[in-house]
Amino acid sequence: PIFDAVDRRAAREARIAELLDRARTSAGQRDAVGARAALEAIVGLDAATPAVWRALCQARLEAGDEAGAGVAAEHALASLTGADRVEPLLVATTVAWRQGRTARALDLVHELQNVAPLEARGYDLEARIRVTSGDRRGAVAAIERGLARSEEHTSELQSHSDLVCRLLLEKK
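Residues numbered from 1 in each chain as written. Predicted model: local features only at pLDDT ≥ 70, side-chain atom pairs only at ≥ 80, totals over all residues. Heavy atoms only, no water.

Undergrad: Would you explain the overall build of the chain in this entry?
TA: When helices and strands are counted, the chain shows 9 helices and 0 strands. Reading the chain from its N end, one meets helices and strands in the order α-α-α-α-α-α-α-α-α. Here the chain, with 172 residues, has 38% of them falling under the buried criterion. Across the chain, the fraction of contacts at a sequence separation of at least 24, relative to all contacts at a separation of at least 6, is 45%. Total accessible area computed for the chain in this model is approximately 9,800 Å², and 52% of it derives from carbon and sulfur atoms. (Helix = DSSP H or I, 4+ residues; strand = E, 2+ residues; numbered from the N terminus. Buried < 20%, exposed > 50% of the residue type's maximum accessible area, 1.4 Å probe, protein only. Contact = heavy atoms within 4.5 Å. Areas by Shrake-Rupley, 256 points an atom, 1.4 Å probe, with all protein chains shown as cover.)

Okay, here's the thing in structure tokens:
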């Protein structure tokens, strides 16, 4: 019986290693569907690490499953810290926004801005969320906060600010 348990554990670990290798190979070949299938199998074995959830988030997104990517991003966020949270936060924010969950999207984008204050995409995304929800002043404020956070990113953010300003003017 002891050896049976050891054999089962070894077989499970070998299967997980095989699936990880298949996911890496598929991702390297830009086969999001294949990568997703392998990563889903790992989740099915209840062996998903934060890195697996992050990879599954990306694979689902690339395979066109936005809602599934959002779920995977939320799982990744449950155990990731620091800069590792940036990409899952971007995905979770975007999915929440597109699903009409504006308050959740804004909570997530503010967390992103706290985790990565120099990440221009966080301010841009907040501005987009606010423009589409009719909060023009909030959109401009988001861009201004982003500009104030980093002079390194000024040119990139300025182009987004110009975009938001054009959108605001078109709305008038």
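Undergrad: What is the right way to look at unusual backbone geometry in this model?
TA: Most peptide bonds are trans, and most residues other than glycine sit at a negative phi. The backbone of arginine 30 shows a phi angle near 60 degrees, a positive value even though the residue is not glycine. Locating arginine 30 in the fold gives a position in the loop between helix H1 (2–28) and helix H2 (32–44). One non-glycine residue, aspartate 46, lies in positive phi territory at about 55 degrees. Considering the arrangement of structural elements, one finds aspartate 46 in the loop between H2 and helix H3 (50–62). Given a relative accessible area of 69%, aspartate 46 falls into the exposed group.

Undergrad: What is the right way to look at the environment of valine 43 in this model?
TA: Looking at the element boundaries, valine 43 is found in helix H2. A residue is classified by how much of its surface remains accessible, and valine 43, at 22% relative accessible area, is partly exposed. Separated by 10 residues in the primary sequence, valine 43 and tryptophan 53 place their C-alpha atoms 8.2 Å from one another. Apart from the residues lying within four places of it in its own chain, the contact partners of valine 43 are Ala48, Val52, Trp53 and Leu56.

Undergrad: How should I be thinking about the environment of arginine 145 in this particular structure?
TA: Tracing the chain through its elements places arginine 145 in helix H8 (residues 136–149). Taking the relative accessible area as the measure of exposure, arginine 145 reaches 32% and is therefore partly exposed. Apart from residues lying up to four places away in sequence, arginine 145 is in contact with His110, Gln113, Tyr123 and Glu126. A distance of 2.3 Å separates the side chain of arginine 145 from the side chain of glutamate 126, its partner in a polar contact. (Polar contact = N/O pair within 3.5 Å; in protein donor to acceptor, adjacent residues only side chain to side chain.)

Undergrad: Is there a simple way to explain the environment of aspartate 84 in this structure?
TA: Within the fold, aspartate 84 resides in the loop between helix H4 (66–77) and helix H5 (86–98). Within the structure, aspartate 84 has its side chain in polar contact with the side chain of arginine 54 (distance 3.5 Å).

Undergrad: I would appreciate a short explanation of the side chain of aspartate 124 in the present structure.
TA: Within the fold, aspartate 124 resides in helix H7 (residues 120–132). Aspartate 124 sits in the buried class, given a relative accessible area of 10%. Within the local environment of aspartate 124, its side chain forms a polar contact with the side chain of arginine 128, the two groups lying 2.8 Å apart.

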